[in-house]
Amino acid sequence: MDDIRKKAKELLENKTVQVVIGYGKGSGEEARAIFVRDAAKTDQLIFDETCLQNLAVYILKHEVKHLGKIAIVATSSVLRSIMILASEQQLKDGDLVVLGITSDGKYIDLPNFKAIEDYLATLNVSITDKEKELLKMIDAMTMEERWAWWQNEFSKCFKCYACRSACPMCYCPKCTTDSNQPQWIPVASHQLGNMEWHLMRAMHLAGRCINCGECAKACPMDIPLNLLTYKMIDEMNANFGVTVGMKPDAVFALSTFKNEDKENFIR
Amino acid sequence: MSEKNLYLPYSMIIEKVTEEAPFVKTFRLKFENEKEANNFSFKTGQFGEYSVFGEGESTFCIASSPTKKGYIECTFRQAGRVTTALSNLEEGNTIGFRGPYGNIFPIDDWKGKSLLFIAGGIALPPMRSVIWNCLDLRENFKDVTIIYGARSVADLVYKQELRDWEERPDVKMVTTVDPGGETPDWNGEVGFVPTILEKTAPSSKDTIAIVCGPPIMIKYTFPVLEKLGFSDDNIYTTLENRMKCGFGKCGRCNVGKVFVCKDGPVFTLTQLKQLPAEY
Amino acid sequence: MEIEKKLLKKASLEKLFEKLKADGKKMYAPVKKDKLVNFALVDTFGEICDDYILTVKSAKSVAFPKIEKIVDYEHSKNSSKAIDIDVSNFPEVVLWGVRPCDAVGFDSLDAIFTWDYKDNIYLARLEKTSIISFSCFKSDNNCFCTSVNGNPGGTKGSDILLTKISNGDYLVEIITEKGKQIIAKAPELFEAAPTEEKDKNLTNVPIKFNVKDITENSAKFFENDLWVEQSLRCIGCGACAFVCPTCACFDIQDESAGKNGTRLRLWDSCCFSLFTMHTSGHNPREVQSQRWRQRIMHKFSYMPERLNVVGCIGCGRCSRACPVDMNISEHLINLAEEVKK
């Protein structure tokens, strides 16, 4: 952690960046995002097991960008998010300074996208056994049971859109759900409106979600939205052999056609 | 419970549609229910919520004068979902209307004074109501000057009324279009409204100035008025913020502690200067 | 009305519930489902959860639901017609297990929904609602009712307040006429008031700031770097507003099915970037710091000044619900300190 603080201090002192996005002490058990703009305050940066948020959500935030060039304390979730943002032309190499950090808090020097890509290749980013278990539980349900299960979960939703807001991949300036000409998705948070919203979001994240789990964690009603996105990751792996968020110039499976693409969806 | 449903609109029949300019239309609306028509009254400056069922509601001022009885008019530009749906309607169709809401132009206080109306583009409608209201009570006021500008000749709204005002001996009418917006046969002024205002140089003595227009026009018009000697208390304008309810509940239109729907839409420059710049 | 005090034996609580239920009232009470405690329609006393600090969502939805029909309509090409909502058939509701802060929350909603224009739909729902509150014997760091004129055993806003005393029985405070009517449904259950002091059975919620420092000085900090500082990590969702007992901002949307449809009032939030956006694309509250300021100022400046009520009851729900730890009491303490600078 001292390395990160030192590096952050240096970057702010020599004005390479104007803000360091990192973790600081929160009001409760979990750390919170902090935005250090003063080299003297870099000792507020912390890193431990309470630092969970995927900070990449702030990279494209208008108000944060406005502060100037960004350095970001980057866990593997942040790094993978950066790879997606780069692949989607939202970030160029050198747009930000990446302060890589291992899960046990060691600083890793990642000067460019290539270094990030090489580092990510050394990590195991497959979904965890616990996540696999959850998927199994859903898969074991009959169609009717599954429908009922999700209806129950979606019935808790009140459309606060915390799932969308917490997601680094949900950066569209105008979300499909906010479009009213035509009104694709009902605004009201009733059964249909909730279901259409969550299915639309899951589909939009298929092949883009890096499984950081922010959507589920953000949900004040504890809807396990990550199960939808886990499932998508599983499907992407099975159908296209793709692990998303591993390189800065990825081509998205669902927006590309290849001759060898499976056609098993045609029935 | 004796209270009425605040959200229940009147049914209004579109009696007449006037194409004012590209994408700009005026509807003349008549109450479907005669009793409602008789109980209805409004004052100049007030606004309403106009609705197309299935699409939603949209907020605009009442563009006709309260002195014109038996109908109300609204002028709107086709821009969002509701105004697009409104644009597709025809004479004889029914729409919903709630109102009137908001405060008024205090024309009773203006008795005996001269009036200077300055409007730009699609912002003439809120002013048209007060212009006609004052012209219908012409003996109450001294000089009446109207300065109206639009981007181009085609964008001028109320073309017939502009001519009517032009021809009236008791109105000084100045019409202008932005440079490049003139046609070969255009015989009005060419220039931006603030420039033409400065050129026209109306007297500020015992005069009330009413300004409605796009933010950029307003921004450059106030300094000219100040130069001409108008005090902030004698300059009136209207604010437009996004609204849903129209009566101080939905929480959208407030500028600081001031709710445009209840405290406005009419404000003096003195009042405006006390507001935070969140409009 | 002077508050009347009684005793309700522990064993009689269920009987009171049964009486009210048998009277045909819809009983809404805290229920634990999938780990979260929230108000839900309950059939049996056994479903009610009594071990909770606060429900995740507030009790406001009983009078201000997330979706409310405000107008029905019929429309076709040549005719359209609005149809009024029949508010007379709204159900008689008992809100059971409300916390004293939540009960006060209805004051803020009342102030908004009756500000000159009286919202008959909200009022009709509220009129049919009786509030049976239970004093707080537990609290957490997010609670700050005592900083906003509240109290874990406060009677304001409730029809009846029950406080559990040391032997497990309840001290009953009958606060309103509605409360009296409820007691009258089962007078046999109530006995002479206990002598035990109420206060010693309440949780202690320390005062974190003086609310007047904020409400009376708000003009001083409208323009202040604090708003940017505080809101940088805000991600602009509506979680805070939707769990809040006093947030009343709403949207209006039409939903049609064929030639019939309904106009709906839906919860909305000032923290959403599109909330104030004009059709032209101009947005008076363009950045999150302005939207965050609006949220705080609305509750602590505009509402006190215009409606004579503080728009926050100190339940701390927003802090608990926030995905990014926008802790409201911490921010309010900062504001109160700012004033003293």
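Residues numbered from 1 in each chain as written. Chains lettered and ligands numbered in written order. Predicted model: local features only at pLDDT ≥ 70, side-chain atom pairs only at ≥ 80, totals over all residues. Heavy atoms only, no water.

Asks: Sorry, what's going on with the overall build of chain C here?
Replies: Counting its regular elements, chain C contains ten helices and twelve strands. Here the C-alpha atoms of chain C give a radius of gyration of 21 Å, agreeing with the 20 Å that 2.2 N^0.38 yields for 341 residues. Each of the three principal axes of chain C carries a C-alpha extent, and together these read 65 × 65 × 40 Å. Partitioning the intrachain contacts of chain C with sequence separation of at least 6 by distance along the chain shows that 73% fall at a separation of at least 24. In chain C, which carries 47 positive and 47 negative side-chain charges, the distance between the mean positions of the two groups comes to 2 Å. (Helix = DSSP H or I, 4+ residues; strand = E, 2+ residues; numbered from the N terminus. Rg over C-alpha atoms; globule rule 2.2 N^0.38 Å. Contact = heavy atoms within 4.5 Å. Lys, Arg positive; Asp, Glu negative; His and termini not counted. Charge placed at Lys NZ, Arg CZ, Asp CG, Glu CD.)

Asks: So what exactly am I meant to see when it comes to the environment of Gly 120 of chain B here?
Replies: Residue and element names in this part refer to chain B. With respect to the secondary-structure elements, Gly 120 resides in strand β7 (residues 114–120). It is 20 Å that separates the C-alpha atoms of Gly 120 and Phe 27, two residues lying 93 residues apart in sequence. Residues within four places of Gly 120 in sequence aside, it is in contact with Tyr 148, Gly 149, Cys 212, Gly 213, Pro 214 and Met 217.

Asks: Please clarify how the interface of chain C and chain B should be interpreted in this entry.
Replies: It is common to give the size of an interface as the accessible area that goes away when the parts come together. Listed by partner, the interface residues are 54 residues for chain C and 47 residues for chain B. Summing both sides of the interface, chain C and chain B together bury roughly 4,200 Å²; the carbon and sulfur share of this comes to 52%. Here chain C and chain B share nine salt bridges between them. Here chain C is connected to chain B by 31 residue pairs in polar contact (both at pLDDT 80 or more). Within the residue set of the side of chain C that touches chain B, elements represented by two or more residues are β4 (67–75), β5 (80–83), α2 (100–113), α3 (120–127), β11 (250–257), β12 (260–267) and α8 (288–307) of chain C. It is α8 of chain C that provides the largest number of residues to the side of chain C that touches chain B, a total of seven residues. Of the residues that constitute the side of chain C that touches chain B, the class distribution is 23 nonpolar, 15 polar and 16 charged. (Buried area = accessible area lost by both parts, 1.4 Å probe. Salt bridge = Lys/Arg side-chain N within 4 Å of Asp/Glu carboxyl O. Polar contact = N/O pair within 3.5 Å; in protein donor to acceptor, adjacent residues only side chain to side chain. Nonpolar A, V, L, I, M, F, W, Y, C, P; charged D, E, K, R; others polar.)

Asks: Can you help me understand the nonpolar core in this one?
Replies: Note on soluble globular proteins: their nonpolar side chains tend to be buried together. By size, the foremost hydrophobic cluster in this structure holds 203 residues, and its most contacted members are Tyr 58 and Ile 82 of chain A together with Leu 225 of chain B. Those residues within four positions of Leu 225 of chain B in sequence are excluded, and the remaining contacts are Leu 116, Ile 118, Leu 197, Ala 209, Val 211, Phe 230 and Ile 235 of chain B. Leu 115, Val 130, Cys 212 and Tyr 236 of chain B belong to the second largest nonpolar core, which has 37 residues in total. (Core = buried A, V, L, I, M, F, W, Y, C linked by side-chain atoms within 4.5 Å. Buried < 20%, exposed > 50% of the residue type's maximum accessible area, 1.4 Å probe, protein only.)

Asks: Please explain the sheet that holds strand β6 (residues 93–98) of chain C as it appears in this structure.
Replies: Strands belonging to one sheet form pairs held by backbone hydrogen bonds; the direction of such a pair is parallel or antiparallel. Residue and element names in this part refer to chain C. Judged by pairing direction, the sheet is mixed, and its eight strands sit side by side in the order β3-β2-β6-β7-β8-β9-β1-β10 without closing on themselves. Two strands in the sheet have a free side with no partner beyond their single neighbour: β3 (36–41) and β10 (190–192). Strand-to-strand twist across the sheet, computed as the mean angle between neighbouring axes with direction ignored, equals 30°. In this structure, strand β2 (residues 26–33) lies alongside β6, joined through three bridges in parallel fashion. By the bridge assignment for β6, Met 27 is matched with Val 94. (Pairing = 2+ DSSP bridges. Axes fitted to C-alpha atoms, helices over the stretch in contact; angles between N-to-C directions.)

Asks: Looking at this model, I keep getting lost on the domain arrangement of chain A. Mind explaining?
Replies: All names here are of chain A. For chain A, the assigned domains read domain 1 (2–121) and domain 2 (129–242). Computed over C-alpha atoms, the centres of domain 1 and domain 2 are 27 Å apart. In this assembly, 14 residues from domain 1 lie in contact with eleven residues from domain 2. Of the roughly 1,000 Å² buried at the junction of domain 1 and domain 2 (both faces included), carbon and sulfur atoms supply 61%. At the surface where domain 1 touches domain 2, the tally comes to two salt bridges. Lys 217 serves as the salt-bridge partner of Glu 30, at 3.3 Å between the closest nitrogen and oxygen. At the boundary of domain 1 and domain 2, one finds five residue pairs in polar contact (both at pLDDT 80 or more). (Domains from an automatic or database assignment.)

Asks: Help me understand the interface of chain A and chain C in this model?
Replies: Of the residues lining the interface, 40 residues belong to chain A; the matching set on chain C comes to 38 residues. Carbon and sulfur atoms supply 57% of the area that chain A and chain C bury against each other, a total of about 2,800 Å² over both sides. Counting the surface chain A buries against chain C, the share from its top three residues, Arg 32, Glu 63 and Phe 158 of chain A, is 20%. For the interface between chain A and chain C, the tally reads 16 residue pairs in polar contact (both at pLDDT 80 or more). Residues that form the side of chain A that touches chain C fall into these classes: 18 nonpolar, twelve polar and ten charged.

Asks: Help me out: how do you make sense of unusual backbone geometry in this one?
Replies: For residues that are not glycine, phi is negative in most cases, and the peptide bond is trans in most cases. That bond from Gln 181 of chain A to Pro 182 of chain A is cis: its omega, 0°, falls within 30 degrees of zero. Within the secondary structure, Pro 182 of chain A is located in the loop between α7 (162–166) and α8 (191–205). Residue Pro 265 of chain B follows Gly 264 of chain B across a cis peptide bond; omega there is 10°. Note on placement: Pro 265 of chain B falls in the loop between α7 (260–263) and β15 (266–268).

Asks: Explanation requested: the domain arrangement of chain C in the structure shown.
Replies: Residues and elements named next belong to chain C. The domain boundaries assigned to chain C delineate domain 1 (1–62 + 81–199) and domain 2 (208–341). Centre-to-centre separation of domain 1 and domain 2, based on C-alpha positions: 26 Å. Taken together, the 30 residues of domain 1 in the interface contact 33 residues of domain 2. Of all residues in domain 1, Lys 60, Asn 142 and Phe 144 bury the most surface against domain 2, accounting for 25% of the area lost on that side. Applying the counting criterion to the domain 1 and domain 2 interface returns three salt bridges. Seen at the junction of domain 1 and domain 2, the total is 16 residue pairs in polar contact (both at pLDDT 80 or more). Contributions of two or more residues to the side of domain 1 that touches domain 2 are made by α2 and α3. When residues in the side of domain 1 that touches domain 2 are grouped by element, the largest group, nine residues, is from α2. Classifying every residue of the side of domain 1 that touches domain 2 gives 16 nonpolar, nine polar and five charged.

Asks: Quick question: what am I supposed to make of the pattern of salt bridges here?
Replies: Oppositely charged side chains can form a pair if their charged atoms are brought close together. In this structure the tally under the stated criterion is 57 salt bridges over all chains. When salt bridges that share partners are traced, they join Arg 28, Glu 73, Arg 128 and Glu 161 of chain B into one network.

Asks: Teacher, can you tell me more about the sheet that holds strand β5 (residues 107–109) of chain A here?
Replies: Residue and element names in this part refer to chain A. Spatial strand order, β2-β1-β3-β4-β5: five strands in an open sheet with mixed pairing. The sheet is open, and its two edges are formed by β2 (32–36) and β5, each paired on a single side. Strand-to-strand twist in this sheet, taken as the mean axis angle between neighbours without regard to direction, amounts to 30°. Sheet topology note: the strand β3 (residues 70–74)/strand β4 (residues 96–101) ladder contains five bridges and is parallel. The residue bridging Val 73 from the neighbouring strand is Leu 99, located in β4. Each of β3 and β4 is contacted by helix α3 (residues 76–87), which is oriented at about 130° to β3, the strand it contacts most.

Asks: Help me understand α2 of chain C, please; the structure alone is not making it clear to me.
Replies: What sets the pattern is the α-helix's 3.6 residues per turn: residues three or four places apart point alike. The terminal C-alpha atoms of α2 of chain C, which comprises 14 residues, lie 21 Å apart, in line with the 20 Å expected from a rise of 1.5 Å per residue. By the burial criterion, the buried members of α2 of chain C are Pro 100, Cys 101, Asp 102, Ala 103, Gly 105, Phe 106, Ser 108, Leu 109, Ala 111, Ile 112 and Phe 113 of chain C. (Expected span 1.5 Å × (residues − 1).)

Asks: Would you explain the pairing of β11 of chain C in this entry?
Replies: Note on strand geometry: in a regular strand, side chains alternate between the two faces of the sheet. All names here are of chain C. Sheet analysis places β11 next to β12, joined by eight bridges and oriented antiparallel. Paired with Glu 255 across the two strands is Thr 262, which belongs to β12. Between the end of β11 and the start of β12, which pair antiparallel, lie two residues, with Gly 258 showing a positive phi angle near 65°.

Asks: Would you mind going over the environment of Ser 61 of chain C with me for this structure?
Replies: With respect to the helices and strands, the residue Ser 61 of chain C is situated in the loop between β3 and β4. Taking the C-alpha atoms as reference points, Ser 61 of chain C and Ala 192 of chain C, 131 residues apart in sequence, are found 35 Å from one another.

Asks: Would you mind showing me how to read the side chain of Asn 283 of chain C here?
Replies: Residues and elements named next belong to chain C. Mapping Asn 283 onto the fold places it in the loop between β12 and α8. In terms of polar contacts, Asn 283 uses its side chain to reach the backbone carbonyl oxygen of Ser 273, at 2.8 Å. For Asn 283, the residues in contact, after removing those within four places along its chain, are Ser 273, Thr 276, Met 277 and Arg 291.

Asks: Help me understand the packing of helix α5 (residues 193–200) of chain B against helix α6 (residues 215–227) of chain B in this model?
Replies: Packed helices, taken two at a time, are described by the angle their axes make and the gap between the axes. All names here are of chain B. Where α5 contacts α6, the axes come no closer than 8 Å and their chain directions differ by 15°. Classed by the angle they form, the pair α5 and α6 counts as roughly parallel. Crossing of α5 against α6: the hand is right-handed. For the pair α5 and α6, the contacting residues are Val 193, Pro 194, Leu 197 and Glu 198 in the first and Met 217, Tyr 220, Thr 221, Val 224, Leu 225 and Lys 227 in the second. A class-by-class count of the residues in the contact of α5 with α6 yields seven nonpolar, one polar and two charged. (Parallel < 35°, antiparallel > 145°, perpendicular 65-115°, else oblique. Left-handed = near helix turned anticlockwise from the far one by under 90°.)

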